[in-house]
Every structure is written in structure tokens, then in C-alpha cells.
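Here is how the chains run, residue by residue.
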2 protein chains.
Amino acid sequence: MRISQLSAASGVPIPTIKYYLREGLLPQGEQTGATRAEYGQAHLRRLRLIRALLEVGRLPVASIAKIVAAVEDESTPVHRMLGTAHYALASPAVSDPGDQEQLAARERVDRLIDDLGWRITPDAPTRDELAQVLVRLAQLGRPAGEDDLRHYADVIMRLVAEREIGKVPMDGPRETAVESLVIGTVLYGKVFDVLRRLAHESESARLLEGRPAPPVRRTSRPERAG
Amino acid sequence: MRISQLSAASGVPIPTIKYYLREGLLPQGEQTGATRAEYGQAHLRRLRLIRALLEVGRLPVASIAKIVAAVEDESTPVHRMLGTAHYALASPAVSDPGDQEQLAARERVDRLIDDLGWRITPDAPTRDELAQVLVRLAQLGRPAGEDDLRHYADVIMRLVAEREIGKVPMDGPRETAVESLVIGTVLYGKVFDVLRRLAHESESARLLEGRPAPPVRRTSRPERAG
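Calculation notes
- Every chain's residues receive numbers from 1 upward, in the order its sequence appears when written.
- Starting at A for chains and at 1 for ligands, labels are handed out in the order in which the entities are written.
- For this predicted model, a pLDDT threshold of at least 70 governs which residues receive local features, and a threshold of 80 or more governs which side-chain atom pairs are given and counted, while totals over whole chains, interfaces and linings are taken from all residues.
- Here the side-chain values reflect all heavy atoms present in the structure, with hydrogen atoms and water set aside.
- Centres within 6.5 Å make a pair out of two Phe, Tyr or Trp rings, where for Trp the six-membered ring is used; the pair is then stacked when the planes are under 30 degrees apart, edge-to-face when over 60, and tilted otherwise.
- Overlaid copies result from least-squares superposition on C-alpha atoms, with residues included only where pLDDT is at least 70 in both.
- Whether two residues are in contact is decided by their heavy atoms: any pair within 4.5 Å suffices.
- Two parts placed together each lose some accessible area; with a 1.4 Å probe, that loss summed over both constitutes the buried area.
- Whenever Lys or Arg places a side-chain nitrogen within 4 Å of a carboxyl oxygen from Asp or Glu, that contact is recorded as a salt bridge.
- Here a polar contact is recorded for every N or O atom pair within 3.5 Å, except that within protein the pair must consist of a potential hydrogen donor and a potential acceptor, and residues adjacent in sequence are included only if both atoms are side-chain atoms.
- Note on conventions: DSSP H or I runs of at least 4 residues are helices, E runs of at least 2 residues are strands, and numbering of each starts at the N terminus.
- Classification convention: Asp, Glu, Lys, Arg as charged; Ala, Val, Leu, Ile, Met, Phe, Trp, Tyr, Cys, Pro as nonpolar; all other residues, Gly among them, as polar.
- Angles shown run from 0 to 180 degrees and are taken between the N-to-C directions of axes, each axis being a line fitted to C-alpha atoms and, for helices, limited to the stretch in contact.
- Note on angle classes: values under 35 degrees are labelled roughly parallel, values over 145 roughly antiparallel, values of 65 to 115 roughly perpendicular, and the remainder oblique.
- Cavity: a set of points on a 1 Å grid over the protein atoms alone where a 1.4 Å probe fits but cannot get out. Pocket: an open set with protein on both sides within 12 Å along at least five of seven lines, its lining residues, like those of a cavity, having an atom within 4 Å of a point.
- Grid points are joined across faces, edges and corners, and a volume is the space filled by probe spheres set on the points.

A closer look at the packing of aromatic side chains
With the rule as written, the count across this model stands at seven aromatic pairs over all chains. Between B:Tyr19 and B:Tyr20, the ring centres sit 6.0 Å apart and the planes meet at 50 degrees, which makes this aromatic pair tilted. Aromatic rings pair up to connect A:Tyr152, A:Tyr188, A:Phe192, B:Tyr152, B:Tyr188 and B:Phe192 into one cluster.

Put into C-alpha cells, the structure is as follows:
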């Protein structure tokens, strides 16, 4: 198909397609004349992937270029290619690398992953991301208990293994696997998060409804510490 | 204590404390002279809450003012007060209210909540938030199945009821309950999300490791649609 047909089929404007071609995000079409090129299903699929990374993953173009390079390099195994996409979705760690609290939390995360027997590369940024949340929880006086972490991890792994991972099509085109992973990670992560907030609302309603209002307390007067 | 001691005990600079006093986020201290006021534990607790809402919840000051008003108004039942905090944490819905896809998804969410027997107020913005994610998933060709949604909801409710809700101290000072809810919702939500991404990495490693590399395919040539 011509570039105008590619634009109509994908919903991506022609100038945007040309920008992706210049940046190397989209492979060149087959030249069929001095100013004509022919595009195919592979281009359509790539455009879908780029839009998913941009609009769902909200990734910067530089990260998208890295993922596209891993998709195109067929010598990169599928697992490593998916890892590249995964890592691009992690929030960058902002803490000082010499921070003692962060280092201790990171060791705790590494031990947890070992104990669970999970296969996570040693340099996965997700390790530091989890360590950072643990540090913040401890600083706010709500440290995460070992038992809770392991219980969460077990429940989540069961869901992922039984319900989610099977939906990433590992044997189809490489871009389809990445696209599916990004949608699954970001959007199903959001489904999870909203359901969890709904469950909190419902449970606190159940616990508190019908209870009498607490006695009136003046907040502007000093009180004993709780 | 004096304002300088309140600053030292809370770690909040004096000018920031004065700003919170002017904005009504922090109740005035007890006047003990023309230019002197005395502050107490209630002020310390309120400062902790404000910092949690700002730094963990990343809420704008206007939303914080609404939550503080619900905390101070002792005639607001604890459940409604927590609801105010919950709703402030929801992402505002951005879709056109007349959008047919959004309306259909919203009906689906309402039915799901009814079927689950969850106690959610009819105007909870979380309902629209979930509907919006369902619309996006369908548009991207990954519609969420009824069975998956119910299964997620069941697993999440079990976790919340057994492990989480008990940690929100419902009987202590009102600010402590809100603070705990914000930390629990935002930071434990993040723990969840990171563990889920780790589980995905581990499962895809387990499924794909050791498999031979797929045959080389040229991505710049048109292929048959998958």
C-alpha cells in the first residue's frame, strides 16, 4: 500500500509516519519508484506498537527507539526483547546510590526474589524500584512486613501465571508480543489498582457503616500522642 | 511548644508552617501572648498528614484543603471522611460524558460492583476510572473478560480484607486514619504494581529460556496479516 493508505489504515497522520521513518522507528518501505514506496502489514503492526508505547506506556521516543531496535534485531531472544520493554516501563530510581537505607532495602529485595525462586536479571531496575518504596514505607512508620510481602508475591504470581502470561502471544510477530506486554502491564496494572481502591472503599464502608459518630474532639487543642 | 519547636519536631520549615496556618490547613495554635502561640501533638499529627498527602499522594493543596475540612468536621462520619480522601486520589475522568462506549462500560462496572456486593457510593469517581480503562482495553483489541474481572476482584478483596484494611486505625485520631489510608493506597499500590511486573518478567523468562531463537524474518518486507 501507499503511504496515504498506510495512514488511512492506521489512523496515523502522514507527517507523523514520515517522522517515524526519519527516526528509524518504522522501517523504510520497498522503493517502487523515485518518490514512491510500498508498505505492508509489518508497517501497520509496527505503527500499532509505537502508538501503544506512546499512548499507553507514555514512553519517550528515545525509549521507544531502544525497544524497536530490540524488536528488529532477530538475534535478540524474545525474552531479552520483552525485558527491554519491561525495563523501559520501570520508573527510574532517583535515590542516591550510596544511600545506606536504600542499599539495605535492595538487599532485602534481592533476598526476597531469591527465596521466591523468581527469575529476574540482576540489573533489573525493578529491583531498585521496589527497594525505594520499602524505604519510603519505613520512613513513614509503616514498614512492610516480610510475611505480607511474601504473601502478596505469592498471590500475584498465581494470577500472573494462571491468567496473564498466557495472553502474551510469544510465537507471533515480535512486535505483537511487545505490544501485548505493554498493554497488559500498564492497562491491567491500572485495572488492578482501581479494583484495589474500590475494595478498600467497600471494606471500610462495611466496617464503619452504622457505627455511632465518635465523640467531638477539638483538634486545635494539644492532645496526648497516640 | 513554640512554632520553632514544632518546626524542629516535624521537619517542616517555619515559613511552610505559616503558609499552612494562613491557608487553614493547620489549625491556629493557642494564643499565649500578642505574638506567641502554643502548638501541640494535634498540630504535629496534622503536619504529618499534610506531608503524606503532598509527598505520597501528590495531591494539589486545594484537594488537601477539602480532606482537612472533612477531618476537622467531626459530624462527618469516619467512612465519609475516608471516602473524601479516596476520591481525591482517583484520576479525574477525562472522557466525554455522552460517549456511548464509556456509558456502556460504566454500566458494566456498575453491574460488576452490584454482583460482587461491594459497597461503593453511586457517585464514586473510581467507577468511571475503571470504565475508562475497560474502554481503552477494548479499543486496543484486548477486551477484559467478565470472568477475569471477577476473579481479579475476588483475589484483591481477599487481600484487602485479610491483610490491609485492619491496618487503617479506625479508632484513633481522625488524621491518623486518613494518613494511613493514603500511605496504604498509594505506596502499597506501588508495591503491588512492582511485584506484578517482577512476576511477569520471571514468568516470561521461565517460559522462554532455553528455547531456540525464532527463524530470521525481515521486518521491512510486507507479511501476511497475523
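Back to the write-up after that little detour.
With respect to the relation of the copies chain A and chain B
For these two chains of identical sequence, chain A goes onto chain B by a turn of 180 degrees and a shift of 0.0 Å along the axis, with RMSD 0.0 Å. On this basis, the relationship between the two copies can be described by a two-fold rotation axis.

Thoughts on the interface of chain A and chain B
Bring the parts together and some accessible area is lost; that lost area is often taken as the interface size. Taken residue by residue, the interface counts 101 residues in chain A and 101 residues in chain B. Overall, the association of chain A and chain B removes approximately 10200 Å² of surface from exposure, summing both partners, and the carbon and sulfur fraction of that is 63%. Counting the contacts that link chain A with chain B gives 12 salt bridges. With its nearest N and O atoms 3.3 Å apart, the salt bridge here joins A:Glu129 to B:Lys190. Linking chain A with chain B are 28 residue pairs in polar contact (both at pLDDT 80 or more), by the criterion used here. Elements that contribute at least two residues to the side of chain A that touches chain B include exactly helix H3 (41-56), helix H5 (78-89), helix H6 (100-116), helix H7 (125-139), helix H8 (146-164) and helix H9 (174-208) of chain A. Counting residues per element, the side of chain A that touches chain B draws most heavily on H9(A), which supplies 28 residues. Split by residue class, the side of chain A that touches chain B holds 48 nonpolar, 21 polar and 32 charged.

A short note on the packing of helix H2 (residues 14-23) of chain A against H3(A)
All names here are of chain A. Between H2 and H3, whose axes approach to 12 Å, the crossing angle comes to 95 degrees. The angle between H2 and H3 places the two elements in the roughly perpendicular class. Only Leu47, Ile50, Arg51 and Leu54 of H3 make contact with H2, whose side of the interface consists of Thr16, Ile17 and Tyr20. Partitioning the contact of H2 with H3 into residue classes produces five nonpolar, one polar and one charged.

Side note on the layout of surface pockets
Residues and elements named next belong to chain B. Here the second largest pocket defines a volume of roughly 420 Å³. In terms of lining, the second largest pocket is formed by 21 residues, of which the most central are Leu44, Arg45, Leu47, Arg48 and Glu179. When residues in the lining of the second largest pocket are grouped by element, the largest group, eight residues, is from helix H3 (residues 41-56).

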